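Each chain, letter by letter, is given below.
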Amino acid sequence: MIRPFLLAALALLAAPMTDASAQSPVVIKFSHVVARDTPKGKAADKFKELAEAATKGKVKIEIYPNSTLYKDKEELEALQLGAVQILAPSMAKFGPLGLKEFELFDLPYLFSDRASLERVTQGQIGRDLFKKLEAKGISGLAYWDNGFKVMASNRPMHLPTDMKGLKLRIQASKVLDEQMRAISANPQVMAFSEVYQALQTGVVDGVENVPSNLYTQKMHEVQKHLTVTNHGYIGYAVIVNKKFWDALPADIRAQLEGAMKQATDYANKIAQQENEAALESIRKSGKTAVYMPTDAEKAEWRKALLPVHKTVEDRIGKELVAAAVKAVAGK
């Protein structure tokens, strides 16, 4: 059944797509759930700038940040139905769509740095994952980086044993669920737009995310402690409604692909510096104590979380997990 919130948008799409030679531009709606001043938000705006310049006004990109158009659970359905044309969801969003292989990116301590990540996203694994989207009416355009996650709560968290009993918000990923259970925390699936209020009111005790998302959503104002665990990765797959994309004139599509490549280079360049700046801003705010684990403590976190790889390998695919581990190691 089509959800009511999509009916109005679908009605607007009943007319045929405007021809590129006509006077009215092709309108592309790009929806995302984070703030404009995050790496993803800035990359989306960069794509708009580049795409509109490349197409010389034949395409208009409308950016809808901060869940202003659709929330986490709504946006993929909206894309499939054509109510929005481009999204950049985190990899965890594809599990509920039946594409469990994308939860590979949720495995704790899989990637050690950007180079190890690119050996997966820019290699055969990344290409194969994008091919799996096509059966869902989706085309993959690019992988955007957003760096490594930290833990935040109102309790000091030096060791994984400090997480016992905490209610921690996660995305709807079975891998993330197992990750939290591995450290005796209670995973709570929740839309990103609802997290601040949930933290403020005590509905959840804490959260994992990258510093730029924590800071731009002001989550650090309602959390007393942050530990730089770098235990997992958050990245985004920039995707488009396949039917819409394939129907674009070839020259327009080529220009948009060029703009996306430039926006991707920009996104992946700024991600680390944006997160470093956000972490420093959180530290300077004085509202959240930022803790850097010792080498011995880091080893304890790894010891507690690495067994998750074995626990979930049947869900993701044993061969895929093994191939990713091999690619990460540069073999």
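Before going further, it helps to examine the packing of helix α12 (residues 308-316) against helix α13 (residues 318-328). Remark: α12 packs on α13, axes separated minimally by 6 Å, with the N-to-C direction vectors making an angle of 120 degrees. Accordingly, the angle class assigned to the pair α12 and α13 is oblique. Residue-level inspection shows Glu313, Asp314 and Ile316 of α12 in contact with α13, the latter providing Lys318, Leu320 and Val321.

To continue, consider the nonpolar core. Counting 47 residues, the largest nonpolar core has Ile28, Phe30, Phe47, Ile61, Trp144, Leu214 and Leu256 as the members making the most contacts within it. Here this core takes 8 residues from helix α10 (residues 250-285), the largest share from any one element. Of all hydrophobic cores here, the second largest spans 37 residues; its members include Leu79, Phe102, Ile125 and Leu133.

Chain-level pLDDT for the protein is 92 on average; 93% of the residues reach the 70-or-more range. Below a pLDDT of 50 lies the segment residues 5-22, which in the model reaches 30 contacts outside its immediate sequence neighbourhood of four places, other chains included.

What follows covers the packing of aromatic side chains. Evaluation of the coordinates by the stated rule reveals 8 aromatic pairs. Centre to centre, the rings of phenylalanine 111 and tyrosine 233 are 5.6 Å apart; their planes meet at 70 degrees, and the pair counts as edge-to-face. Here tyrosine 233 lies in strand β10 (residues 233-241) and phenylalanine 111 lies in the loop between β3 (86-87) and α4 (114-121), a separation of 122 residues in the sequence. Through pairs of rings, three or more aromatic residues link up here, namely Phe105, Phe111, Phe130, Tyr143, Phe148 and Tyr233.

Looking now at the pairing of β10. Sheet faces and side chains relate simply in a regular strand, where the side chains alternate between the two faces. Burial of β10 is extensive: 9 of the 9 residues sit out of reach of the surface. Where strand β4 (residues 138-148) meets β10, 8 bridges bridge the pair, whose relative direction is antiparallel. Following the sheet pairing, tyrosine 143 is matched in β10 by alanine 237.

Strand order in the open sheet made by the 5 strands is β2-β1-β3-β10-β4, with mixed pairing throughout. In this open sheet, the two strands that pair with only one neighbour each are β2 (59-64) and β4. Note that β3 and β10 share 2 bridges and pair antiparallel. When the sheet's bridge partners are listed, leucine 87 is paired in β10 with isoleucine 239. Helix α2 (residues 39-54) rests against β1 (26-31), β2, β3, β4 and β10 of the sheet, and its axis sits at about 165 degrees to β2.

Once that is clear, we can look at α13. Along α13, the residues that are buried comprise Leu320, Val321, Ala324, Ala327 and Val328. The arc that holds every buried residue of α13, seen down its axis, measures 130 degrees, which confines them to one face. Elements that come into contact with the buried residues of α13 comprise α4, α5 (124-133) and α12.

A few words on the layout of surface pockets. One number sums up the size of the second largest pocket: a volume of about 400 Å³. Forming the boundary of the second largest pocket are 17 residues, of which Gly147, Phe148, Gln272, Asn275 and Glu276 lie nearest the centre. For the lining of the second largest pocket, the secondary-structure elements that each account for two or more residues are α4, β4 and α10. A per-element tally of the lining of the second largest pocket places α10 first, with 6 residues.

Locating lysine 40 in the fold gives a position in helix α2. Despite its burial, lysine 40 pairs with no opposite charge, the nearest such side chain being glutamate 75 at 5.9 Å. Residues within four places of lysine 40 in sequence aside, it is in contact with His32, Val33, Val34, Ala88, Pro89, Trp144 and Tyr236.

By the element assignment, leucine 107 lies in the loop between β3 and α4. You can call leucine 107 buried: its relative accessible area is 1%. Measuring from C-alpha to C-alpha, the distance between leucine 107 and tyrosine 233 comes to 8.0 Å, with 126 residues separating the pair along the chain. The residues touching leucine 107, leaving out its near neighbours within four places in the chain, are Val175, His309, Val312, Ile316 and Val321.

How each quantity is defined
Residues numbered from 1 in each chain as written. Predicted model: local features only at pLDDT ≥ 70, side-chain atom pairs only at ≥ 80, totals over all residues. Heavy atoms only, no water. Axes fitted to C-alpha atoms, helices over the stretch in contact; angles between N-to-C directions. Helix = DSSP H or I, 4+ residues; strand = E, 2+ residues; numbered from the N terminus. Parallel < 35°, antiparallel > 145°, perpendicular 65-115°, else oblique. Contact = heavy atoms within 4.5 Å. Core = buried A, V, L, I, M, F, W, Y, C linked by side-chain atoms within 4.5 Å. Buried < 20%, exposed > 50% of the residue type's maximum accessible area, 1.4 Å probe, protein only. pLDDT = per-residue confidence, 0-100. Phe/Tyr/Trp six-rings, centres within 6.5 Å; stacked < 30°, edge-to-face > 60°. Pairing = 2+ DSSP bridges. Arc of directions from axis to C-beta. 1 Å grid on protein atoms, 1.4 Å probe; cavity = no way out; pocket = protein on both sides within 12 Å on 5 of 7 lines; lining within 4 Å. Points joined across faces, edges and corners; volume = space filled by probe spheres on them. Lys, Arg positive; Asp, Glu negative; His and termini not counted. Salt bridge = Lys/Arg side-chain N within 4 Å of Asp/Glu carboxyl O.

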